[in-house]
Amino acid sequence: MAVVSSFQWDEDFLRQNIDVFRTKLYLVVYADSDEQQSYEESKPSANIRYIYPPIYRRGIMHSKLMILKFALYLRIVVPTANFVSYDWGYTGPDLTVEQIAILLSLGLATSNTVELDVVSSSVGKLTMEFLAKIYASCRGYQISDRRIVQNGVAKETPGDLADHFRFYFPSLKTVLGSLQGRGGAGTICLNSKWFNEASFPRKVFRECISGTAQYA
């Protein structure tokens, strides 16, 4: 079962990545009455149910969220990408990462720890304190609660946050080794001054290498 929210949709991309005939899907979309009829008429599977959140004032529904239920765990993905191939880097032979995605795997049998994976194309001046707050939030804590955060540090964080929090970012070697090289890096950036600071959480970082044939 999956719940997916997006502003834009690519049905071909959906069918390529999800078995719509075996997976029960709840798709949250922004659409006016005419577009809603179009979605319903072109529905590729009876397993798909479209949900149209009401808009009570001028504006649009632009949220992105994925809740993916597996047999033994629940995975929550908070991307900045719409559910279209371009946003996820599927642009023919030139595969790039232009979006950030936070992957949160929740063990249904325990609330002790969560596994958190973040993939990013641009990284700012991070600190372990900031990541600890993100981790605490993912465990359901209100980080504004002084009982949870004291002196700017999240309490009840696992002994070594790096065992449960992984931040994926491509190194210069990986970028240069890709088919497009340095010119294909797009918005990938990280100031070396910040990376070399003592407070930068280098130990949570992992090399981000594409598993597809687009990487040389």
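Here the structure is a predicted model, which means the values were calculated and not measured.

J.: Residue-level account of the nonpolar core, with values.
T.: Within the largest apolar cluster, 18 residues are counted, with the highest numbers of intra-cluster contacts made by Leu 14, Leu 25, Leu 27 and Phe 83. If you list the elements that add at least two residues to this core, you get β1 (2-6), α1 (11-17), β2 (25-29), β3 (48-51) and β4 (65-69). Val 114, Tyr 135, Leu 161 and Phe 167 belong to the second largest nonpolar core, which has 16 residues in total.

J.: Kindly report on the UniProt feature "active site" (unreviewed entry) in the chain, identifying the contributing residues and their values.
T.: Here, UniProt's "active site" (unreviewed entry) annotation points to His 62. Among the structural elements, His 62 can be located in the loop between β3 and β4.

J.: Now, about the UniProt feature "binding site: substrate" (unreviewed entry) in the chain: what can you tell me, with residues and values included?
T.: Per the UniProt record, "binding site: substrate" (unreviewed entry) is found at Lys 64. Locating Lys 64 in the fold gives a position in the loop between β3 and β4. Accessibility expressed as a relative area gives 14% for Lys 64, which makes it buried. Every residue in contact with Lys 64, bar those within four places of it in the chain, is listed here: Ser 5, Ser 6, Val 78, Pro 79, Thr 80, Ala 81 and Asn 82.

Definitions and cut-offs
Residues numbered from 1 in each chain as written. Predicted model: local features only at pLDDT ≥ 70, side-chain atom pairs only at ≥ 80, totals over all residues. Heavy atoms only, no water. Core = buried A, V, L, I, M, F, W, Y, C linked by side-chain atoms within 4.5 Å. Buried < 20%, exposed > 50% of the residue type's maximum accessible area, 1.4 Å probe, protein only. Helix = DSSP H or I, 4+ residues; strand = E, 2+ residues; numbered from the N terminus. UniProt positions renumbered as here; feature names shortened; annotations may be inferred. Contact = heavy atoms within 4.5 Å.

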